[in-house]
Amino acid sequence: MRTFHVVSPYEPGGDQGEAIKKLSEGFLRGDRYQTLKGVTGSGKTFTMAKIIEAVQRPTLVISHNKTLSAQLYREFKGFFPDNAVEYFVSYYDYYQPEAYVPARDLYIEKDAAINDEIDRLRLAATYSLMERRDVIVVATVSCIYGLGMPDLYKEMRIHLEKGESVNARALAEQLVSLQYSRNDAVLDRGNFRIRGDVIEVYPAYMELDEAYRIELEWDEIIRIRRFNVIDGTTVEELDETVFYPAKHFVVPEDILRSATDTIQTMLDARVAELLAQGKLLEAERLKTRTTYDIEMMREMGYCPGIENYSAPIAGRASGEPPATLLHYFPDDFLCLIDEAHVTVPQLGAMYEGDRSRKQNLVDFGFRLPCALDNRPLKFAEFSKKLNQVIYVTATPRPEEIRQSTQVVEQIIRPTGLLDPIVDIRPSEGQMEDIYKEVRARIEKGERSLVLTLTKKMAEDLTDYLLGLALKVRYIHSEIDTFERVEILKGLRAGDFDVLVGINLLREGIDLPEVSFIAILDADKIGFLRSATSLIQIIGRAARNADGTVVMYADRMSRAMEEAVSETQRRRELQKAFNTAHGITPQTITKAVQDILEHETNATPAPESIELSVLKKSVNLFVPAQRKKLLAALRKEMAEAADRLDYESAATFRDQIFDIEKTYGT
């Protein structure tokens, strides 16, 4: 069995070594909950990697959004090149869930654009979990949504060995039952083809462009090869191989047929119930829709929305939790919850939102009641399924601290950087004070952030600072994804010196050039000025050796006291460590240089140039030209998503929506 081994030019520094030791020992002695309380920039991802190496257990890493998950996935891929690092997120580039709005009698049909590459990555994750133990899966909250049953998924696999007797027709039927498609012309993912006594299968979960070639002689397997589908060269000679289903929602034909009988019984009972209530329209609607689905499942083994029948197919009673990604892990796995202060509440909120939407579909005859059992796990169900958990966050909530047998702090940064200086100043005369501070930073080539409480104030303050001849932009939730990314890049590149925003500046943004942060209305009570939020905001200035945060307030709130006290405590510990080890903190610059080089030196792809030219020349009022531009944007969106560049993909999506909303499809 392969073991986890971290490949890195760096050794643990600062507090990392002690954190790795304590948390690993806690896991091995059986502590169910622990917390890694690591400050911004302390290398929490590296610490997580070394913990995985120390405990040698299959690991699930949960993050709260796709962008951060993709970042973690890339980092873990670098740390563990010889192990299976997988990525499990929602496979929709665009997802509009099925819904019904009774007040407007509006039915919204499910509409989705599935990303084939992410679908492959999801299948690769479950395949790896079935075949090996050195597996790390980086996932979003999609990991608590219903998936195929792991027992059936494993039971339906096809195992082949050299010397085994196999009938080509029977093997083809087995592959079709696993949702593979036959295509004798082109071999694509999830397809197979037969040429005489040679069967070629391209599993849906293969990472590289590789497939398997099974050679028969009088129904006996004489050779099994893994080959490159592009050039046809043999990669490896094998004595055996195994094929897993091409989709997660697959079941044997006999179970599916039995399930359709159960669904038919459910339909008859529900129609009778609706008729008894005088709901004739709802009864007829349900009968028509469900009968069509039943016929599709009986004939094709699948139907759109088959997940809504997952409970009767799996034989689950009403209310029982569905199988999820967690059910594919062995019982002794480690779960790391990144940015736990955000991720844990998000995990807890999934069930209620899903339930309220589906209840309307059931009540008005769009779905059978069993659709309610196609759902995410309730938080209690999620917690019960976990083995041992390490919460990873700079600001753990009281719930995480209360659960944890130990809270291990990672305060000392390997770079020696200190938490920023925090100053409290009166709100009277704050604009003049901010102007003075910003000017001082501009002279040193540094940047500033100003945080407000409302969108209007952000816009008004931007206008005010522009009137003072400062280069300034604002950012808030009404700015689309593309603009947000460009604005942040512009700040780092020096296109402007001041960025005004709200809470979008708290997490997941590294801005080493920022040495000054102004927090307006710091004493106001609420989420945006809670102790957790203030500590996260202060952390944005922790990448700069001269980082300073000024809170403008007329009084000292409890949240401010807590944030200032915690920051000062950390700063004193960091200073003492630096003094003892002779470390002089220096602002991080390498990452900035890399980004600037990429921005200035990278040659634009021909497709990007073509799209840019097309945007400038197209007349959006001409349908043919508009159609051409939309097609180009959709292509760019798909390619960006394939690269796991979700910010760019969302950019193109927003542009498509804006054009369609303004000019029509």
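All of these numbers come straight from a predicted model, not from anything done at the bench.

Here's the deal with the overall build of the protein chain
The secondary structure content of the protein chain amounts to 21 helices and 25 strands. Taken over the C-alpha trace, the protein chain has a radius of gyration of 28 Å; the compact-globule value for 665 residues is 26 Å, and the two agree within 12%. Overall, the C-alpha framework of the protein chain stretches about 85 × 60 × 55 Å when taken along its three principal axes. Within the protein chain, the fraction of its 665 residues that count as buried is 51%. Counting only contacts in the protein chain whose residues sit at least 6 apart along the sequence, the fraction spanning at least 24 positions is 73%.

As for the sheet that holds strand β8 (residues 135–139)
Read across the open sheet, the seven strands follow the order β3-β8-β2-β17-β18-β1-β19; overall the sheet is parallel. Across the chains shown, the open sheet's two edge strands, defined by having one partner strand only, are β3 (84–88) and β19 (407–410). Adjacent strand axes in the sheet meet at a mean angle of 20°, parallel and antiparallel pairs treated alike. As defined by bridge partners, strand β17 (residues 334–338) adjoins strand β18 (residues 388–393) across five bridges and the pair is classed as parallel. Each residue of the ladder has a partner; that of Cys-335, found in β18, is Val-389.

Observations regarding the sheet that holds strand β21 (residues 447–451)
Judged by pairing direction, the sheet is parallel, and its six strands sit side by side in the order β20-β25-β24-β21-β23-β22 without closing on themselves. Every interior strand has two partners, whereas the edge strands, β20 (421–425) and β22 (472–475), have only one. On average, each strand axis in the sheet is inclined to that of its neighbour by 20°, with strand direction left out of account. Where β21 and strand β24 (residues 514–519) come together, five bridges link them in parallel fashion. Bridged to Arg-447 within β24 is Val-514. Contacting β20, β21, β23 (498–501), β24 and β25 (548–552), helix α13 (residues 430–443) crosses the sheet at an angle of about 175° to β24.

Points about the pairing of β25
The buried fraction of β25 amounts to five of the five residues, a majority that puts the element mostly inside the structure. Both faces of β25 are covered, namely the face carrying Thr-548, Val-550 and Tyr-552 and the face carrying Val-549 and Met-551. In the sheet, β20 pairs with β25 via five bridges, with the strands oriented parallel. Within the sheet, the bridge partner assigned to Ile-421 lies in β25 and is Thr-548. Pairing of β24 with β25 involves four bridges; the strand directions are parallel. In the strand pairing of β25, Ile-519 is matched with Met-551. In terms of handedness, the path from β24 via helix α16 (residues 531–539) over to β25 forms a crossover that is right-handed.

A closer look at the nonpolar core
Leu-60, Val-137, Phe-243, Leu-325 and Phe-382 are the most contacted members of the largest nonpolar core, which has 65 residues in total. It is helix α4 (residues 116–131) that provides the largest number of residues to this core, a total of five residues. Ranked by size, the runner-up nonpolar core spans 33 residues in total, among them Phe-4, Met-48, Leu-121 and Val-138.

A look at the environment of Thr-587
Checked against the element boundaries, Thr-587 lands in the loop between α17 (558–581) and α18 (590–601). Judged by its relative accessible area of 27%, Thr-587 falls in the partly exposed class. Through-space distance from the C-alpha of Thr-587 to that of Ile-51 is 28 Å; in sequence the pair is 536 residues apart. Beyond its immediate chain neighbours, meaning those up to four positions away, Thr-587 contacts Leu-417, Pro-512, Arg-543, Asn-544 and Ala-545.

Here's the deal with empty space enclosed by the protein
For the structure shown, the criterion picks out three cavities of 30 Å³ or more. As a volume, the largest cavity reaches approximately 70 Å³. Along its surface, the largest cavity is lined by Val-39, Thr-40, Ala-394, Thr-395, Arg-413, Asp-419, Ile-535, Gln-536, Ile-538, Gly-539, Ala-542 and Arg-570. Counting residues per element, the lining of the largest cavity draws most heavily on α16, which supplies four residues. Of the residues assigned to the lining of the largest cavity, the class counts are five nonpolar, four polar and three charged.

Overview of helix α6 (residues 168–177)
Of all the residues in α6, the buried ones are Ala-168, Leu-171, Ala-172 and Leu-175. Along the axis of α6, the buried positions cluster into a sector of 100°, meaning they face one direction only. As for α6, its buried residues are in contact with β9 (158–161), β11 (191–195), β12 (198–202), β13 (210–217) and β16 (240–243). For α6, the N-terminal capping position is held by Asn-167, with its side-chain oxygen 3.0 Å away from the main-chain nitrogen of Arg-169. Within two residues after α6, Gln-179 carries a phi angle of roughly 70°, on the positive side.

Some words on the pairing of β17
The element β17 is extensively covered by neighbouring structure, given that five of its five residues are classed as buried. Along β17, one buried face is formed by Leu-334, Leu-336 and Asp-338 and the opposite face, lined by Cys-335 and Ile-337, is buried too.

With respect to unusual backbone geometry
Its identity as a non-glycine residue notwithstanding, Gln-56 has a phi of 55°, on the positive side. Along the polypeptide, Gln-56 turns up in the loop between α2 (44–55) and β2 (59–62). Given the relative accessible area of 26%, Gln-56 is considered partly exposed. Despite not being glycine, Asp-521 shows a phi value in the positive range, around 50°. Within the element layout of this structure, Asp-521 appears in the loop between β24 and α16. For Asp-521, a relative accessible area of 22% corresponds to the partly exposed category.

Some points on the layout of surface pockets
Looking at the second largest pocket, its volume works out to about 1000 Å³. Contributing elements (two or more residues each) for the lining of the second largest pocket: α3 (66–79), β3, α4, β13, β15 (234–238) and β16. Of the residues forming the lining of the second largest pocket, the biggest block, six residues, is contributed by α4. Class assignment for the residues of the lining of the second largest pocket results in 14 nonpolar, four polar and 14 charged.

Focus: the pattern of salt bridges
Applying the stated criterion to the full structure yields 43 salt bridges. Here Asp-209 ties to Arg-189 by a salt bridge, and the two come within 3.7 Å at their closest N and O atoms. With Asp-209 in the loop between β12 and β13 and Arg-189 in the loop between β10 (181–182) and β11, the pair connects residues that are 20 residues apart, well separated along the chain. We classify Arg-189 as partly exposed; its relative accessible area is 29%. In this structure, Arg-223 and Glu-237 form a salt bridge, with 2.4 Å as the shortest nitrogen-oxygen distance. Of this pair, Arg-223 sits in strand β14 (residues 220–228) while Glu-237 sits in strand β15, and the two are 14 residues apart along the sequence. Under the relative-accessibility criterion, Arg-223 is labelled partly exposed at 29%.

A closer look at the packing of aromatic side chains
Following the criterion strictly, the structure yields 16 aromatic pairs and no others. Between Tyr-100 and Phe-366 the ring centres are 4.9 Å apart and the planes differ by 35°, which places this aromatic pair in the tilted class. Placement of the pair is Tyr-100 in strand β5 (residues 99–101) and Phe-366 in the loop between α10 (340–363) and α11 (379–385), with a sequence separation of 266 residues. By the burial criterion, Tyr-100 is buried, and Phe-366 matches it.

Here is what the cut-offs are and how they apply
Residues numbered from 1 in each chain as written. Predicted model: local features only at pLDDT ≥ 70, side-chain atom pairs only at ≥ 80, totals over all residues. Heavy atoms only, no water. Helix = DSSP H or I, 4+ residues; strand = E, 2+ residues; numbered from the N terminus. Rg over C-alpha atoms; globule rule 2.2 N^0.38 Å. Buried < 20%, exposed > 50% of the residue type's maximum accessible area, 1.4 Å probe, protein only. Contact = heavy atoms within 4.5 Å. Pairing = 2+ DSSP bridges. Axes fitted to C-alpha atoms, helices over the stretch in contact; angles between N-to-C directions. Right-handed = clockwise from strand over helix to strand, strands pointing away. Core = buried A, V, L, I, M, F, W, Y, C linked by side-chain atoms within 4.5 Å. 1 Å grid on protein atoms, 1.4 Å probe; cavity = no way out; pocket = protein on both sides within 12 Å on 5 of 7 lines; lining within 4 Å. Points joined across faces, edges and corners; volume = space filled by probe spheres on them. Nonpolar A, V, L, I, M, F, W, Y, C, P; charged D, E, K, R; others polar. Arc of directions from axis to C-beta. Polar contact = N/O pair within 3.5 Å; in protein donor to acceptor, adjacent residues only side chain to side chain. Salt bridge = Lys/Arg side-chain N within 4 Å of Asp/Glu carboxyl O. Phe/Tyr/Trp six-rings, centres within 6.5 Å; stacked < 30°, edge-to-face > 60°.

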